[in-house]
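Here are the chains, one letter per residue:
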Amino acid sequence: SHNNRLNLRKDTGTVSEVFTQENVINLKGNIGIGHVRYPTAGGSCSAEAQPLYTNFPFGIALAHNGNLTNTDELMSKMRNCQRHINTDSDSELLLNVFADELQRRQISTMSADDIFDSVSIVMRKCKGAYAVVILINGVGLLAFRDPCGIRPLCFGS
């Protein structure tokens, strides 16, 4: 994130293929998230490469490891909420569930309580095993995992 903009570099392939010296230099900002994926669900096209993002509300990027087990139910709810899901990725679905919870609060600025309350609701709605890292533009980083702690998660600085 730099100057209130999310800068994105993602593709399929190995880390050294996707992140050449030239395109790493062009990534501006002091905060970021990344993901290396071996696809076990969804596809392996560049549209499903992570991080995934939505620009509403605030600009949110997400990297996710895991599997949601109630994707059909969640997809139906997101369509009813006018959220557009562009891929078969449960990561994109999880991103939109989180974004929808923040949007429902109709806030112009976020507090930590708004974020944590939204995460609590997401964790109740999203069934399965997952670890998630989220970058909220202009706010910071957030990490959480499923209520049973099945997927590993390491958050450092």
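Look up: the structure comes first, before these words.
Just so it is clear, the structure is predicted and the values come from calculations on it, not from any experiment.

## Some remarks on the overall build of the protein
Part 1: For the protein, the helix and strand inventory stands at five helices and four strands.
Part 2: Beginning at the N terminus, the succession of helices and strands in the protein can be written as α-α-β-β-α-α-α-β-β.
Part 3: For 157 residues, the compact-globule estimate of 2.2 N^0.38 gives 15 Å, and the C-alpha radius of gyration of the protein, at 15 Å, lies within 12% of that figure.
Part 4: Taken along its principal axes, the extent of the C-alpha atoms in the protein is 40 × 35 × 30 Å.
Part 5: Contacts spanning at least 24 positions in sequence make up 55% of the contacts within the protein whose residues lie at least 6 apart.
Part 6: With an accessible surface of roughly 9200 Å², the protein has 48% of that area assigned to carbon and sulfur atoms.
Part 7: Within the protein, one finds 15 positive and 15 negative side-chain charges whose respective centroids are separated by 2 Å.

## Focus: unusual backbone geometry
Part 1: Cis geometry is adopted by the peptide bond preceding P57, which originates at F56 and carries an omega value of -5 degrees.
Part 2: Inspection of the secondary structure puts P57 in the loop between β1 (52–54) and β2 (60–68).
Part 3: Positive phi, normally seen in glycine, also occurs at F58, with a value near 75 degrees.
Part 4: Examined against the element boundaries, F58 turns out to sit in the loop between β1 and β2.
Part 5: Its identity is not glycine, yet Q82 carries a phi of approximately 65 degrees, on the positive side.

Cut-offs and rules
Residues numbered from 1 in each chain as written. Predicted model: local features only at pLDDT ≥ 70, side-chain atom pairs only at ≥ 80, totals over all residues. Heavy atoms only, no water. Helix = DSSP H or I, 4+ residues; strand = E, 2+ residues; numbered from the N terminus. Rg over C-alpha atoms; globule rule 2.2 N^0.38 Å. Contact = heavy atoms within 4.5 Å. Areas by Shrake-Rupley, 256 points an atom, 1.4 Å probe, with all protein chains shown as cover. Lys, Arg positive; Asp, Glu negative; His and termini not counted. Charge placed at Lys NZ, Arg CZ, Asp CG, Glu CD.

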